[in-house]
Protein chains: 2
Amino acid sequence: MKLINNTDIYTVQQNILVAVDCIIFGFDSKKLKLLLFKRKVAPSKGLWSLIGAFIKDDQSVDEGAKQILFETTGLKDIYLEQLKTYGNVHRDIAGRVISIAYYSLISVREFELESVEKYDAHWFDLDELPNLIFDHGEMVADAIKQLKTKAKHQPIGFNLLPKYFTIPELQILYESIYQQELDARNFRKKILSLDILTKTNKKDKSGSKKGAFLYTFNKEKFDALIAEGLNFEI
Amino acid sequence: MKLINNTDIYTVQQNILVAVDCIIFGFDSKKLKLLLFKRKVAPSKGLWSLIGAFIKDDQSVDEGAKQILFETTGLKDIYLEQLKTYGNVHRDIAGRVISIAYYSLISVREFELESVEKYDAHWFDLDELPNLIFDHGEMVADAIKQLKTKAKHQPIGFNLLPKYFTIPELQILYESIYQQELDARNFRKKILSLDILTKTNKKDKSGSKKGAFLYTFNKEKFDALIAEGLNFEI
DNA sequence: ACAAAAGTGTTAGATCTACACCCATGT
DNA sequence: ACATGGGTGTAGATCTAACACTTTTGT
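Source: prediction; values computed, not measured. (Residues numbered from 1 in each chain as written. Chains lettered and ligands numbered in written order. Predicted model: local features only at pLDDT ≥ 70, side-chain atom pairs only at ≥ 80, totals over all residues. Heavy atoms only, no water.)

## Examining the protein's contact with DNA strand D
Now for step 1: In the neighbourhood of DNA strand D, 18 residues make up the surrounding shell, with A:Arg188, A:Lys189, A:Lys210, B:Asn186 and B:Lys210 lying closest.
Now for step 2: In DNA strand D, atoms within 4 Å of the protein come 39% from sugar and phosphate.
Now for step 3: The contact in question runs from a sugar or linking oxygen of DNA strand D to an N or O atom on the backbone of A:Gly211, over 3.4 Å.
Now for step 4: Side-chain polar atom of B:Asn186 to a base nitrogen of DNA strand D: 3.0 Å apart, as the coordinates give it.
Now for step 5: If you list the elements that add at least two residues to the surface near DNA strand D, you get α5 (184–193) and β11 (212–217) of chain A together with α5 (184–193) of chain B. (Near = heavy atom within 4 Å. Polar contact = N/O pair within 3.5 Å; in protein donor to acceptor, adjacent residues only side chain to side chain. Helix = DSSP H or I, 4+ residues; strand = E, 2+ residues; numbered from the N terminus.)

If you want it as structure tokens, here you go:
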């Protein structure tokens, strides 16, 4: 099939398509997960892949990523960040396509199940991922690495939790991200010393009989600290 | 002008061009600098910009970046890393072009002056940058930020120095990157304690009468340490 | 002889790490 | 009453940050 590529001034011959792919991380209070999709179009139809789409001419790459994420998860205004662009000549077996990968962090609890069915999506544990098409496995590996690095210095972990969460939940999340166990006393001390959590007087008793106090992330306080030049680290 | 965009299977209408732009950092033993070019084509001809090029159909995006870098600096096998992709609809005033930005680190001393003249290039101090076309200013700001972050945990600084360098030179480099003064004794202690530098018995007397010993970066040792799980930080 | 940059140790304070028991509550 | 996870403090080790003088040598 032939397509028309129109530029205003540049006299360039180029046959490259531009797509986005989204690595969607989720956390369900127990494990860190990845949302994968059974591919609905050729080539590689029926295999597991990240969700992606071609960019429209009148939409920015960021907008393209936002849109595909909204369509498949029903979620808006969620954490979404560009990861890396994948541009090998034969990365897509059906044509010359470069893909700008994004990763997103959501709370599994706030995610619409309806979308899962409609798009043939499935949450996979990070240590039980199936084979993925093209270079999507590489994208996922890069995203996991990036998440580990980023979580240390920016409070992005909170995007994976519901608005109210407990300290033990937060600890399990960080243990999942870093893939190592943390000392409960030291973790609590460190996270509370940052003074970016607001304690409520409610308890979540789903995890224990005693129940754990619910906290919420105080973004205003955090931003103020960053503005003062805080060298944040968890 | 109309162009043909051919894909094998995908039935997509898309009129987007794909380019790369390179942010080239250099260090001359005194200051951190940026290599900028007087643009030779419309639009915005004659204004300062990063060097860039359109990707060819049969070349990966990484290869495209490598090629433009080689053509303009004469340098091969130098540090080159993808920064970010810029994809706003109207970022280029002459058409829909997305650009994958790369940044590169070189030693100004090892750089061919010949290329500078041929391509109308100029080294600018980081604090005296001219206005740049399109979103190139944003690219540069992002690259500086990335360089700061990355230099802390990976030994990329050495790419900005010639093979043999002195500790005071290295310190000035890190001071330029972090934009803050460092204590000479503490810096020397820390960098030497990493045990990744090999001392030679030669001195560089260009900086002082006494002269400073020349060192060289020991990549083998560094890689071995990383393999052991070293949590590197400068 | 002197100017100018290179090179060298110590100490106080801050931070990190390891570790064990009591508390609250549902069953 | 007991099982289960929640919540708390301390001490030793390590790391960080601040600080001043001597060495070398070209002019």
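Having put the structure on the table, let's press on.
## Considerations on the domain arrangement of chain A
Residues and elements named next belong to chain A.
Now for step 1: Here chain A is described as being made up of domain 1 (17–151) and domain 2 (156–227).
Now for step 2: Averaged C-alpha coordinates put domain 1 and domain 2 at centres separated by 27 Å.
Now for step 3: The interface is formed by 17 residues belonging to domain 1 together with 14 residues belonging to domain 2.
Now for step 4: In total, about 1,500 Å² of surface goes out of reach between domain 1 and domain 2, with carbon and sulfur atoms giving 67% of it.
Now for step 5: Among the residues domain 1 hides against domain 2, the three largest losses belong to Phe-27, Lys-148 and Ala-151. Together they make up 37% of the total.
Now for step 6: Here domain 1 is connected to domain 2 by one salt bridge.
Now for step 7: Between Arg-109 and Glu-169 there is a salt bridge; the shortest N-O distance is 2.8 Å.
Now for step 8: Linking domain 1 to domain 2 there are two residue pairs in polar contact (both at pLDDT 80 or more). (Domains from an automatic or database assignment. Contact = heavy atoms within 4.5 Å. Buried area = accessible area lost by both parts, 1.4 Å probe. Salt bridge = Lys/Arg side-chain N within 4 Å of Asp/Glu carboxyl O.)

## Considerations on the confidence of the model for chain A
Now for step 1: When pLDDT is averaged across chain A, the result is 92; 97% of the residues are at 70 or more.
Now for step 2: The spread of mean pLDDT over the elements of chain A runs between strand β1 (residues 2–6) of chain A, the lowest at 44, and strand β6 (residues 79–86) of chain A, the highest at 98. (pLDDT = per-residue confidence, 0-100.)

## A word on the side chain of A:Asp21
All names here are of chain A.
Now for step 1: Tracing the chain through its elements places Asp-21 in strand β2 (residues 17–27).
Now for step 2: In this structure Asp-21 is buried but unpaired, with Arg-91 as the nearest side chain of opposite charge at 4.0 Å.
Now for step 3: Ignoring anything within four residues of it in the chain, the contact list for Asp-21 reads Leu-50, Ile-51, Gly-52, Arg-91, Ser-99, Ile-100, Ala-101, Tyr-102, His-136 and Met-139. (Buried < 20%, exposed > 50% of the residue type's maximum accessible area, 1.4 Å probe, protein only. Lys, Arg positive; Asp, Glu negative; His and termini not counted.)

## Description of the sheet that holds β11(A)
Residue and element names in this part refer to chain A.
Now for step 1: If you trace the three strands from one edge of the open sheet to the other, you get β9-β11-β10, paired in antiparallel fashion. Only two strands of the sheet have a single neighbouring strand rather than two, namely β9 (164–166) and β10 (197–204). Ignoring which end each strand starts from, the neighbouring axes of this sheet average 45° apart.
Now for step 2: Across five bridges, β10 lies against β11 in antiparallel orientation. Residue pairing across strands places Leu-197 opposite Phe-217, the latter belonging to β11. (Pairing = 2+ DSSP bridges. Axes fitted to C-alpha atoms, helices over the stretch in contact; angles between N-to-C directions.)

## As for the pattern of salt bridges
A side chain of one charge can pair with a side chain of the opposite charge if their charged atoms are brought near each other.
Now for step 1: The tally for this structure, following the rule as stated, stands at 16 salt bridges over all chains.
Now for step 2: When the shortest N-O distance is used, the salt bridge between A:Lys33 and A:Asp28 registers 3.9 Å.
Now for step 3: The buried category is assigned to A:Lys33, whose relative accessible area is 15%.
Now for step 4: With a relative accessible area of 29%, A:Asp28 lands in the partly exposed category.
Now for step 5: Between B:Arg91 and B:Asp135 there is a salt bridge whose closest N-O contact spans 2.7 Å. In this pair, B:Arg91 sits in the loop between β6 (79–86) and β7 (97–107) while B:Asp135 sits in the loop between β8 (121–125) and α3 (136–153), placing the two residues 44 residues apart along the sequence. There is no split in this pair, since B:Arg91 and B:Asp135 are both buried.
Now for step 6: Among the ionic contacts, a cluster of salt bridges with common partners joins A:Asp28, A:Lys31, A:Lys33 and A:Asp125.

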